[in-house]
Amino acid sequence: MSVEIDPLELGFRRPFTVEVAQILKIKNTNATPVAFKVKTTAPKQYCVRPNSGRIEPGHDVEVSVLLQAMKAEPPLDAKCRDKFLVQSVAITSDKEFTNVSQIWDTVEKSDIQEKKIRVVWQPASGEDQSSAAVTPARHSLANGVEANPEVPPPAYSSPQDDSTIASPSHTEPEVKRESRREPTQEPETAPSTIPVPSISQVKSTAADTFEDLKDKLAKAEATIASLKDQASSGLKQRKVTSTLEEKAAAPVQALAQATRQGTEGVPIQIVAALCLVSFLLAYFLF
């Protein structure tokens, strides 16, 4: 299911020692929603956002294409051979609530519609364009690729992520960047500039958090049980100590009582009885 692209050719105006941006508009003229994604032959030179998504019927999406700053200005006669590829596929009713990335994993290649977009380097504002026409033809480098129409362009791949762009100094030299390209590389979906965690990542994070909570709960229960055991053993020890103290205090109390009785003397009733008996004996005997 095809979509409308505007413009059909991306023109970036010099100078290229600074970042240059262009807007690509993708419109869905169909009666059903479509999913789209954008690829490029120079993934390390461009940033695309959003690089994929969903378009409702009759709506359009503006895609920002950013050309990163180069260390050196390319020659005026250098031709850019970079290209972009816009792929689209219809979202059927059975896939209405399916994630866009999962749709691309299950779709048939025959159902994918593709549209190619050329990239053109334009002279700076007010620059004489005739100077480039009279320059002798030569094999010059354009984005690290010789300007030779007989050489096939590199394969479409993922654009560079925004997180790797800190300053123009991070841009690699043109020839070195081309040496890293793999013409036979399988086309990949351009990474999103705003990372969105997948369902599996969310489940994995939730499982890890749940396991951590279980471990902490187990440790807390073990600590509580240990404290209870210590409190129980301390209570038993206090009871045994109290019993031993009571047993040790009993003889002391008995001894104290006997001592008090020894110091108090004979009761007065006994003394009186003894005196009476002595008197009677003396009376009768003498």
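Calculation notes
Residues numbered from 1 in each chain as written. Predicted model: local features only at pLDDT ≥ 70, side-chain atom pairs only at ≥ 80, totals over all residues. Heavy atoms only, no water. Helix = DSSP H or I, 4+ residues; strand = E, 2+ residues; numbered from the N terminus. Buried < 20%, exposed > 50% of the residue type's maximum accessible area, 1.4 Å probe, protein only. Contact = heavy atoms within 4.5 Å. Areas by Shrake-Rupley, 256 points an atom, 1.4 Å probe, with all protein chains shown as cover. pLDDT = per-residue confidence, 0-100. Phe/Tyr/Trp six-rings, centres within 6.5 Å; stacked < 30°, edge-to-face > 60°. Lys NZ or Arg CZ within 6 Å of the ring centre and 35° of its normal. Core = buried A, V, L, I, M, F, W, Y, C linked by side-chain atoms within 4.5 Å. Pairing = 2+ DSSP bridges. Axes fitted to C-alpha atoms, helices over the stretch in contact; angles between N-to-C directions.

1. Remarks on the overall build of the protein chain
Step number 1: Along its length, the protein chain carries five helices and eleven strands.
Step number 2: Scored against the burial criterion, the 286 residues of the protein chain give a buried share of 26%.
Step number 3: Counted over contacts in the protein chain with a minimum sequence separation of 6, partners at least 24 positions apart contribute 78%.
Step number 4: Of the accessible surface of the protein chain, which amounts to about 19100 Å², a share of 58% is contributed by carbon and sulfur atoms.

2. Observations concerning the confidence of the model for the protein chain
Step number 1: Within the protein chain, residue pLDDT values average 75, and 65% of them lie at 70 or more.
Step number 2: Element-level pLDDT for the protein chain is lowest in strand β10 (residues 141–142), with a mean of 38, against a maximum mean of 95 in strand β7 (residues 60–67).
Step number 3: Ignoring residues within four places in sequence, the model shows residues 129–150, a span with pLDDT below 50, making 42 contacts including any to other chains.
Step number 4: Contacts of residues 163–187 to residues separated by more than four positions or lying in other chains number 40 contacts, the stretch itself having pLDDT below 50.

3. Examining the packing of aromatic side chains
Step number 1: Enumeration according to the criterion identifies four aromatic pairs in this entry.
Step number 2: Between F16 and W121, the ring centres sit 5.1 Å apart and the planes meet at 50°, which makes this aromatic pair tilted. Of the two residues, F16 is situated in the loop between β2 (9–13) and β3 (20–27) and W121 in strand β9 (residues 113–122); the sequence distance between them amounts to 105 residues.
Step number 3: The structure contains a cluster of three or more aromatic residues connected by ring pairs, namely F12, Y46 and F84.
Step number 4: One Lys or Arg, K37, reaches over the ring of W104 and ends 4.5 Å from the middle of that ring.

4. A closer look at the nonpolar core
Step number 1: By size, the foremost hydrophobic cluster in this structure holds 27 residues, and its most contacted members are F12, I26, Y46, V63, V65, L67 and F84.
Step number 2: Sorting elements by how many residues they give to this core places β7 first, with four residues.
Step number 3: Here V63 is in contact with Q22, I23, L24, I26, F36, V48, R49 and P50, once residues within four sequence places are set aside.
Step number 4: Membership of the second largest hydrophobic core comes to seven residues, among which are I91, I103, W104 and V107.

5. Some thoughts on the sheet that holds strand β6 (residues 52–55)
Step number 1: If you trace the five strands from one edge of the open sheet to the other, you get β2-β9-β8-β4-β6, paired in mixed fashion. At either end of the open sheet lies a strand with only one pairing partner, and these are β2 and β6. Taken over all neighbouring pairs, the strand axes of this sheet differ in orientation by 25° on average, direction set aside.
Step number 2: Note: β2 against β9, five bridges, orientation parallel. Looking across to β9, one finds that R13 is bridged to Q122.

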